[in-house]
Amino acid sequence: MDNYEVSRDRAQAYFLNFDQQAIIDRWGLRNDGDYLHLTFLSRDYRIHRKTGRVERVPGGIQADFSEVLSIFDLLCHEGEDQFLTGKYAPVNSLRGCPVSVGVDAEFHEKTAHYFDKNPELLKNACIALGGMPVNMGDIGFVLPLFDKIHVILKFYHSDEDFPASITLLWDENTLHFLFYETVFYIAGFLLSRISEEMSKAEQEGGSV
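Predicted model only: the values in this text are computed from it and were never measured. (Residues numbered from 1 in each chain as written. Predicted model: local features only at pLDDT ≥ 70, side-chain atom pairs only at ≥ 80, totals over all residues. Heavy atoms only, no water.)

Considering the packing of aromatic side chains
For step 1, the next point in the chain: Tallied over the entire structure, the rule returns 11 aromatic pairs.
For step 2, the next point in the chain: Between Phe40 and Phe189, the aromatic rings sit 5.8 Å apart at their centres with planes inclined by 10 degrees, giving stacked as the arrangement. In this pair, Phe40 sits in strand 2 (residues 35–40) while Phe189 sits in helix 6 (residues 180–203), placing the two residues 149 residues apart along the sequence.
For step 3, the next point in the chain: Taking the relative accessible area as the measure of exposure, Phe40 reaches 0% and is therefore buried. (Phe/Tyr/Trp six-rings, centres within 6.5 Å; stacked < 30°, edge-to-face > 60°. Helix = DSSP H or I, 4+ residues; strand = E, 2+ residues; numbered from the N terminus. Buried < 20%, exposed > 50% of the residue type's maximum accessible area, 1.4 Å probe, protein only.)

A word on helix 5 (residues 119–128)
For step 1, the next point in the chain: Residues Leu121, Leu122, Ala125 and Cys126 constitute the buried set of helix 5. Along the axis of helix 5, the buried positions cluster into a sector of 135 degrees, meaning they face one direction only.
For step 2, the next point in the chain: On its buried side, helix 5 packs onto helix 4 (109–117), strand 8 (139–146), strand 9 (149–156) and helix 6.
For step 3, the next point in the chain: In the stretch just after helix 5, Gly130 is the one whose phi turns positive, near 85 degrees. (Arc of directions from axis to C-beta. Contact = heavy atoms within 4.5 Å.)

What about the sheet that holds strand 10 (residues 165–171)?
For step 1, the next point in the chain: Read across the sheet, 5 strands follow the order 6-10-9-8-7 without closing on themselves; strand pairing throughout is antiparallel. Edge positions in the open sheet fall to strand 6 (88–89) and strand 7 (132–133), since each of these has one partner strand only.
For step 2, the next point in the chain: Sitting on the sheet, helix 5 is in contact with strand 8 and strand 9, with an inclination near 30 degrees to strand 8. (Pairing = 2+ DSSP bridges. Axes fitted to C-alpha atoms, helices over the stretch in contact; angles between N-to-C directions.)

Some points on the nonpolar core
For step 1, the next point in the chain: In this structure, Phe40, Trp170 and Ile194 are the most contacted members of the largest nonpolar core, which totals 57 residues.
For step 2, the next point in the chain: Tallying contributions element by element places helix 6 first for this core, with 10 residues.
For step 3, the next point in the chain: Excluding residues that lie within four positions of it along the chain, Trp170 makes contacts with Lys87, Tyr88, Ala89, Pro90, Val91, Leu94, Leu145, Val151, Val183, Ile186 and Ala187. (Core = buried A, V, L, I, M, F, W, Y, C linked by side-chain atoms within 4.5 Å.)

Looking at the pattern of salt bridges
When the charged atoms of two side chains with opposite charge come close together, those side chains can pair.
For step 1, the next point in the chain: Per the counting criterion, the structure on display carries 11 salt bridges.
For step 2, the next point in the chain: For Asp9, the salt bridge is made with Arg8, and the minimal N-O distance between the two is 3.0 Å.
For step 3, the next point in the chain: Assessed through its relative accessible area of 27%, Asp9 is described here as partly exposed.
For step 4, the next point in the chain: A network of salt bridges, in which partner residues are shared, links Arg43, Arg56, Glu67, Arg193, Glu196, Glu197 and Lys200. (Salt bridge = Lys/Arg side-chain N within 4 Å of Asp/Glu carboxyl O.)

Notes on helix 4
For step 1, the next point in the chain: Where helix 4 is concerned, the buried positions are Ala112, Phe115 and Asp116. The buried residues of helix 4 occupy one face: seen down the axis, they fall within an arc of 100 degrees. Opposite its buried face, helix 4 presents the exposed residues Lys110, His113 and Lys117, each directed more than 90 degrees away.
For step 2, the next point in the chain: The inward-facing, buried residues of helix 4 contact helix 5, strand 9, strand 10 and helix 6.

Some remarks on unusual backbone geometry
For step 1, the next point in the chain: In this structure, the amide linkage connecting Val57 to the following residue, Pro58, adopts the cis form with an omega of 0 degrees.
For step 2, the next point in the chain: Within the secondary structure, Pro58 is located in the loop between strand 4 (54–57) and strand 5 (61–62).
For step 3, the next point in the chain: With a phi close to 50 degrees, Leu41 is a non-glycine residue in the positive phi region.
For step 4, the next point in the chain: Secondary-structure assignment places Leu41 in the loop between strand 2 and strand 3 (43–48).
For step 5, the next point in the chain: Among the residues examined, Leu41 registers a relative accessible area of 5% and is labelled buried.
For step 6, the next point in the chain: Even without being glycine, Ser42 reaches a positive phi, approximately 60 degrees.
For step 7, the next point in the chain: Given the relative accessible area of 36%, Ser42 is considered partly exposed.

Here we look at the side chain of Glu55
For step 1, the next point in the chain: In this fold, Glu55 is placed in strand 4.
For step 2, the next point in the chain: Side-chain polar atoms of Glu55 contact the side chain of Arg46, separated by 2.7 Å.
For step 3, the next point in the chain: Looking at Glu55, its side chain comes within polar contact range of the side chain of Arg53, at 2.6 Å.
For step 4, the next point in the chain: Setting aside chain neighbours within four positions, we find Glu55 in contact with Tyr35, Asp44, Tyr45, Arg46, Gly60, Ile61, Gln62 and Ala63. (Polar contact = N/O pair within 3.5 Å; in protein donor to acceptor, adjacent residues only side chain to side chain.)

The values are spatial; any link to function lies outside them.
Spelled out as structure tokens, the structure:
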């Protein structure tokens, strides 16, 4: 097992320390005797109530490190009163952000280049993930993250002066629901899900 798998399995075991009924009540989760059920980034998951194992459904494939850590951080995050503002900002401008620096425009450079070559596939992939278009950037979508929590993707095409760029915008109170580090796991997972849908569409002849 690599370190990511070890961390994932530890997180699953740690989840068992939490009051599952309180989590069910807070988030309105579907549940039965064996599993808690939820949707994260338009994909269905289940959590085994006795082991904490997180699986994609259908199929029962075990979720990976970024999925597990993101889901448990959302479900188990404690502390502040949790409410959304409806106002969005880059991650380093969120309320409670531990640092005060600009967003690194090169952080998603490789993915931005892929999006730039395939704008129609990008749009269709966002729609396939439940996204709604918004008038932001050259391509903008509001994407469902979990329950009522959303992320805005703002994409700009390259031109003669600037490379293509991606900005993800989060509700200003996102850090009431997630740790700062988890936002980056989710960002990476979100972009990989979009790229996955785009790649699948390419293989199927251009439609998602």
